[in-house]
Protein chains: 2
Amino acid sequence: MKANDQQLQVPGLRMTKQRKEVYRALMENADHPTASELYETMQKSNDPMSLATVYNCLEALVEHDAIKQVNVDRNPTRYCQNAAQHGHFHDQNTGTIHDINFKPGTQLTDILDLPEGTEITDFEITIKGRLP
Amino acid sequence: MKANDQQLQVPGLRMTKQRKEVYRALMENADHPTASELYETMQKSNDPMSLATVYNCLEALVEHDAIKQVNVDRNPTRYCQNAAQHGHFHDQNTGTIHDINFKPGTQLTDILDLPEGTEITDFEITIKGRLP
DNA sequence: AATAAACTTAGAATTATTCTAAAAAAGGCT
DNA sequence: AGCCTTTTTTAGAATAATTCTAAGTTTATT
Ligand SMILES: [Mn+2]
Ligand SMILES: [Mn+2]
Ligand SMILES: [Zn+2]
Ligand SMILES: [Zn+2]
């Protein structure tokens, strides 16, 4: 077992060669790549895999909360390294997507008027705008 | 001019027969219909229109801030009556989508750590979960 | 080893949305 | 009203991200 194989463990998910590869490729690409972009990366590696497998791996990783999906409008789904709670900012000047963290101690229910006792299983926040 | 034609005015947008129809159909359907669902509604009316026109009209109305788009994951885009700032709750028990209002006096920047001076042009908040 | 379950794969299929190019409608002007 | 220009509508074709299928491969279990 190599030194940094630890971070490739995902509780409850069998880490196949392909899943490890996809996960690692995403960890090395901070700018929220699409499935196709990750597939292109795979093609350049020593053991390429099919596009269907890239989709399958990403789905498995999302399902096990190891990575996040990012949907901006109807654009192709992008994938995010950051498994922690956060939102996304789509900079209309550059077209890039940035992570936006919550202010410490705050949460969605601070500003949203949800019925008492609502169970939130997931959320997605995307902001479009321009940086100063 | 009929009594309730007033609400069909959208500043800066020529309100054609089709745009009025699409707008009215959406105002009469509170459960966030898709373009196809609105198209089906149109077919049952006295003057049906093409699906492309439904898409065109919805796009024009969105562009002029008369209605909103709602994207939940990769599902077909839904359209929302409510032009005011709000989020959406996707109830996983029923599959329905509800509007979620901001608590009075609060805003996104209360909880999100955006760079000082960021200009927000649009945002989308979707929450998945279960009601009590 | 044998069996079963999970995973990968190529390629086909799906389908929401967009595009194209032509007809129709609307608006402006005289 | 007529003429000209711009916008809108339309049917149908095209696009493309994603999912599906069914067969092979790998992995786990007995
Ligand atoms: Mn993210
Ligand atoms: Mn809405
Ligand atoms: Zn991110
Ligand atoms: Zn709504």
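Residues numbered from 1 in each chain as written. Chains lettered and ligands numbered in written order. Predicted model: local features only at pLDDT ≥ 70, side-chain atom pairs only at ≥ 80, totals over all residues. Heavy atoms only, no water.

**Topic: the coordination of the manganese ion (ligand 2)**
Geometry sets the ideal angles at a metal, namely 109.5 degrees for four tetrahedral donors and 90 or 180 degrees for six octahedral donors.
Residues and elements named next belong to chain B.
And then number 1: All of the protein donors around the manganese ion (ligand 2) are Cys80 (SG), His86 (NE2) and His88 (NE2); their distances to the metal are 2.2 to 2.5 Å.
And then number 2: Mapping the donors of the manganese ion (ligand 2) onto the primary sequence gives the spacing C-x5-H-x1-H.
And then number 3: A separation of 2.8 Å is found between the manganese ion (ligand 2) and the zinc ion (ligand 4), which share Cys80 as a coordinating residue. (Donors = N, O, S within 2.8 Å, 3.2 Å for Na, K, Ca; no water.)

**Focus on the relation of the copies chain A and chain B**
And then number 1: Expressed as a screw operation, the relation of chain A to chain B combines 0.0 Å of axial shift with a rotation of 180°, fitting to an RMSD of 0.0 Å. A rotation of that kind, with that shift, is consistent with a two-fold axis. Across chain A, the rotation axis passes nearest the C-alpha of Ile125 of chain A, at a separation of 2.3 Å.
And then number 2: Mapped onto chain B, 100% of the interface residues of chain A are again interface residues, and the two copies thus contact each other with one and the same surface. (Least-squares fit on C-alpha atoms with pLDDT ≥ 70 in both. Contact = heavy atoms within 4.5 Å.)

**Concerning the protein's contact with DNA strand C**
And then number 1: Lining the immediate environment of DNA strand C, one finds 16 residues, of which Thr16, Ser50 and Thr53 of chain A together with Tyr55 and Thr77 of chain B sit closest.
And then number 2: Within 4 Å of the protein, the atoms of DNA strand C are drawn from sugar and phosphate moieties in a proportion of 82%.
And then number 3: Between DNA strand C and Gln18 of chain A, the relevant distance is 3.2 Å, taken from a phosphate oxygen to a side-chain nitrogen or oxygen of the residue.
And then number 4: Separating a phosphate oxygen of DNA strand C from a side-chain N or O atom of Thr53 of chain A is a distance of 2.4 Å.
And then number 5: Looking at the surface near DNA strand C, the elements with two or more residues in it are α1 (17–27) and α3 (51–63) of chain A together with α3 (51–63) of chain B.
And then number 6: The residue makeup of the surface near DNA strand C, split by class, is six nonpolar, six polar and four charged. (Near = heavy atom within 4 Å. Polar contact = N/O pair within 3.5 Å; in protein donor to acceptor, adjacent residues only side chain to side chain. Helix = DSSP H or I, 4+ residues; strand = E, 2+ residues; numbered from the N terminus. Nonpolar A, V, L, I, M, F, W, Y, C, P; charged D, E, K, R; others polar.)

**Focus on the domain arrangement of chain A**
All names here are of chain A.
And then number 1: Per the domain assignment, the segments of chain A are domain 1 (17–80) and domain 2 (87–129).
And then number 2: Placing the centre of domain 1 and that of domain 2 at their C-alpha centroids yields a distance of 22 Å.
And then number 3: Contact residues are listed per partner, giving nine residues for domain 1 and eight residues for domain 2.
And then number 4: Where domain 1 packs against domain 2, one counts one salt bridge.
And then number 5: Here Asp73 ties to Lys128 by a salt bridge, and the two come within 2.8 Å at their closest N and O atoms.
And then number 6: One can count five residue pairs in polar contact (both at pLDDT 80 or more) joining domain 1 with domain 2. (Domains from an automatic or database assignment. Salt bridge = Lys/Arg side-chain N within 4 Å of Asp/Glu carboxyl O.)

**Considering α3 of chain A**
All names here are of chain A.
And then number 1: Between its first and last C-alpha atoms α3 spans 18 Å; for 13 residues at 1.5 Å apiece the expected length is 18 Å, and the two agree.
And then number 2: Of all the positions in α3, only Val54, Cys57, Leu58, Ala60, Leu61 and Val62 are classed as buried.
And then number 3: Looking at the buried residues of α3, the elements they touch are α1, α2 (35–44), β1 (68–70) and β2 (78–80). (Expected span 1.5 Å × (residues − 1). Buried < 20%, exposed > 50% of the residue type's maximum accessible area, 1.4 Å probe, protein only.)

**Here's the deal with α1 of chain A**
And then number 1: Within α1 of chain A the residues assigned to the buried category are Glu21, Val22, Tyr23, Ala25 and Leu26 of chain A.
And then number 2: Looking at the packing, one finds that the buried side of α1 of chain A touches α2, α3 and β2 of chain A.

**Observations concerning the protein's contact with DNA strand D**
And then number 1: Close to DNA strand D lie 16 residues; Tyr55 and Thr77 of chain A together with Thr16, Arg19 and Thr53 of chain B are nearest.
And then number 2: In DNA strand D, the atoms that sit within 4 Å of the protein are 82% sugar and phosphate, with bases accounting for the remainder.
And then number 3: Between DNA strand D and Thr16 of chain B, the relevant distance is 2.5 Å, taken from a phosphate oxygen to a side-chain nitrogen or oxygen of the residue.
And then number 4: At 3.4 Å from a phosphate oxygen of DNA strand D is found a main-chain nitrogen or oxygen belonging to Ser50 of chain B.
And then number 5: When contributions to the surface near DNA strand D are tallied by element, the ones reaching two or more residues are α3 of chain A together with α1 (17–27) and α3 of chain B.
And then number 6: Across the surface near DNA strand D, the residue classes tally to six nonpolar, six polar and four charged.

**What to know about the interface of chain A and chain B**
And then number 1: Each partner contributes to the interface: chain A provides 39 residues, whereas chain B provides 39 residues.
And then number 2: Summed over both sides, the interface of chain A with chain B buries roughly 3400 Å², with 57% coming from carbon and sulfur.
And then number 3: Per-residue buried area on chain A facing chain B is highest for Arg74, Ile111 and Leu112 of chain A; these three make up 21% of the total on that side.
And then number 4: Linking chain A with chain B are zero salt bridges, by the criterion used here.
And then number 5: On inspection of chain A and its partner chain B, the count reaches 25 residue pairs in polar contact (both at pLDDT 80 or more).
And then number 6: Ranked by residue count, the leading element in the side of chain A that touches chain B is strand β5 (residues 119–130) of chain A, at 12 residues.
And then number 7: Residues that form the side of chain A that touches chain B fall into these classes: 15 nonpolar, 13 polar and 11 charged. (Buried area = accessible area lost by both parts, 1.4 Å probe.)

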